[in-house]
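Geometric and topological summary
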Amino acid sequence: MGILFYKGRFIMIDTIKIVSMINKDTYEKISNNSIIKTSYKKSTKEIFYEIVNDHLEGSFSSSLSVRVGEGVKYKFVNQYYIEIER
């Protein structure tokens, strides 16, 4: 949690998320070293979604998380995204 001074008032911020476009090589490096949670239908093996999640190594706070995925979520064409959240 953080505090921001905005328009003469103090505002508490619970979550901050930074999103950026990344290329396939960067996506694969992060994905291959992360925890992947998948939802799928066992009988057909149809995948509903995957969440690739990890923490920032060397960070002072374990509350920072990193997620990557296909860029369609943010309308990135033929690219991938990275979210860093606290």
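The structure reproduced in this document is the subject of the present report. (Residues numbered from 1 in each chain as written. Predicted model: local features only at pLDDT ≥ 70, side-chain atom pairs only at ≥ 80, totals over all residues. Heavy atoms only, no water.)

Here we look at the overall build of the protein
Looking only at helices and strands, one finds one helix and seven strands in the protein. Beginning at the N terminus, the succession of helices and strands in the protein can be written as β-β-β-α-β-β-β-β. When contacts within the protein are restricted to residue pairs at least 6 apart in sequence, those whose partners lie at least 24 apart make up 34%. Carbon together with sulfur atoms contributes 55% to the accessible area of the protein, which is approximately 7100 Å² in total. (Helix = DSSP H or I, 4+ residues; strand = E, 2+ residues; numbered from the N terminus. Contact = heavy atoms within 4.5 Å. Areas by Shrake-Rupley, 256 points an atom, 1.4 Å probe, with all protein chains shown as cover.)

Some words on a nonpolar patch on the surface
A surface patch of nonpolar side chains, about 540 Å² in accessible area, is lined by Ile 3, Phe 5, Phe 10 and Met 12. For Ile 3, the position within the fold is in strand β1 (residues 2-6). In this structure Ile 3 comes out as exposed when scored by relative accessible area, which is 63%. (Patch = residues over 30% accessible without salt bridge, like charges linked within 9 Å, V, L, I, M, F, W, Y side chains within 5 Å. Salt bridge = Lys/Arg side-chain N within 4 Å of Asp/Glu carboxyl O. Buried < 20%, exposed > 50% of the residue type's maximum accessible area, 1.4 Å probe, protein only.)

Focus on the pairing of strand β7 (residues 80-85)
Of all six residues making up β7, five are buried, and the element is well covered by its neighbours. Where strand β6 (residues 65-70) lies against β7, six bridges are found, and the strand directions are antiparallel. Among the inter-strand pairings, Arg 67 is bridged to a residue of β7, identified as Glu 83. (Pairing = 2+ DSSP bridges.)

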